[in-house]
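Architecture at a glance
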Amino acid sequence: MSTKIGFIGAGQMARALARGMVAAGVAKAEELIAADPIESARGTFAAEMPGARLTAENAEVWAAAEDLVLVAVKPQMLAGVLADPAARRNDRLVVSIVAGARIARFAEALGHKRIVRVMPNTPCLVGSGASGYACGEAVQPADRRRVEQLLGAVGIALAVHEEQLDAVTGLSGSGPADVYVLIEGLSDGGGRMGLPREAASKLAAQTVLGAAQMVLETGEHPAVLRERVTSPGGTTIAGLQALEDRAFRGALLAAVQAATERSRELG
């Protein structure tokens, strides 16, 4: 069986994408090859993807992967990856999930612009990711469909301009942490009102999950859904008033802005 997809870096996100692809039928484990200098990372990838080929050498991935190479290393490791002479041997599709690494940097190092830059988020690890991606000038419609297929195996993927990826970072990249604080606050509120901690935590998490599914599955604007559960003089409007009094919406706006601006600085 031919080797279709290569991973440079075999960490958590690479493994999540590999699991999603295999589960969705995008690729078979035997069609994957992954490189990582850390033996334990290679071992974990191999254990989760029986049949995949593992190596310590990036050059083997560049040589073997016929379809695309996905670069999933830490930013400080990227220079070494791009300096590998094997990386310049052809113009296969390269997909990067390296934080802050612009398409132009890859294009200069690799000698072509068939590059897709992706900003995923950690819920990809449980198949519920929200990713944004931007394409280099040489990316073809078939390449775009392939990337959407790959990312769709672990959540949703939306195309944006590269300059908008910092905003994607500020919203969906950093957003899970904001949501964890929300769940923690709701859970603490339930505990304060007498609920057992475990019950409060589960109810809070499921409430956030259910509300998110309502937005995605109905296609309704969140404001419309909010109005439907807000009766005049009722419990919900009392809670909403407490949020407004404490500038809850403004705090979320500020959080996304701050994370976006920090992403620009780091880039």
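Scroll up for the structure.
Let us look at the structure shown here. (Residues numbered from 1 in each chain as written. Predicted model: local features only at pLDDT ≥ 70, side-chain atom pairs only at ≥ 80, totals over all residues. Heavy atoms only, no water.)

Digging into helix α5 (residues 103-110)
For α5, the set of buried residues is I103, F106, A107, A109 and L110. Looking at the buried positions of α5, the neighbouring elements they touch are α3 (58-64), β4 (68-71), α4 (78-83), β5 (93-96), β6 (115-119) and β7 (129-135). (Buried < 20%, exposed > 50% of the residue type's maximum accessible area, 1.4 Å probe, protein only. Helix = DSSP H or I, 4+ residues; strand = E, 2+ residues; numbered from the N terminus. Contact = heavy atoms within 4.5 Å.)

Examining the layout of surface pockets
If you add up the space inside the second largest pocket, you get close to 740 Å³. Every residue lining the second largest pocket is counted, 32 residues in all, and those nearest its centre are V73, K74, P75, I97 and A99. Looking at the lining of the second largest pocket, the elements that each hand over two or more residues are α1 (12-24), β6, α7 (165-173) and α12 (248-266). At 4 residues, the largest contribution of residues to the lining of the second largest pocket is made by α7. The residue makeup of the lining of the second largest pocket, split by class, is 18 nonpolar, 10 polar and 4 charged. (1 Å grid on protein atoms, 1.4 Å probe; cavity = no way out; pocket = protein on both sides within 12 Å on 5 of 7 lines; lining within 4 Å. Points joined across faces, edges and corners; volume = space filled by probe spheres on them. Nonpolar A, V, L, I, M, F, W, Y, C, P; charged D, E, K, R; others polar.)

Quick word on the sheet that holds β4
Pairing within the open sheet is mixed, and its 8 strands lie in the order β3-β2-β1-β4-β5-β6-β7-β8. Every other strand in the sheet has two partners, leaving β3 (53-55) and β8 (155-159) as the edge strands with one partner each. Between one strand axis and the next, the sheet turns through 20° on average, direction left out of account. Of the strands in this sheet, β1 (5-8), β2 (32-35) and β4 touch α1, which is tilted by about 165° from β1. The sheet contacts of α5 involve β4, β5, β6 and β7, and relative to β6 the element is tilted by about 145°. (Pairing = 2+ DSSP bridges. Axes fitted to C-alpha atoms, helices over the stretch in contact; angles between N-to-C directions.)

Considerations on the nonpolar core
Ranked by size, the top nonpolar core spans 32 residues in total, and within it F7, L17 and L70 carry the most contacts. Residue assignment for this core shows that the elements contributing at least two residues are β1, α1, β2, β4, β5, β6 and α6 (141-152). It is α1 that contributes the most residues to this core, 5 residues altogether. Once you skip the residues sitting within four places of it in the chain, F7 turns out to touch A14, L17, A18, M21, L32, I33, A34, A35, F45, V61 and L70. Judged by nonpolar contacts, the second largest core, of 28 residues, contains I8, W62, V69 and A134. (Core = buried A, V, L, I, M, F, W, Y, C linked by side-chain atoms within 4.5 Å.)

Description of the pattern of salt bridges
Under the defined criterion, the tally for this structure stands at 14 salt bridges. The partner of E48 in a salt bridge is R19, and the shortest N-O contact between them spans 2.6 Å. With a gap of 29 residues between them, E48 in helix α2 (residues 39-48) and R19 in helix α1 connect regions that are remote in the sequence. With its nearest N and O atoms 2.7 Å apart, the salt bridge here joins D143 to R114. Of the two residues, D143 sits in helix α6 while R114 sits in the loop between α5 and β6, which places them 29 residues apart along the sequence. Assessed through its relative accessible area of 22%, R114 is described here as partly exposed. Connected via shared salt-bridge partners are R15, R19 and E48. (Salt bridge = Lys/Arg side-chain N within 4 Å of Asp/Glu carboxyl O.)

What is shown is where atoms sit, not what they do.
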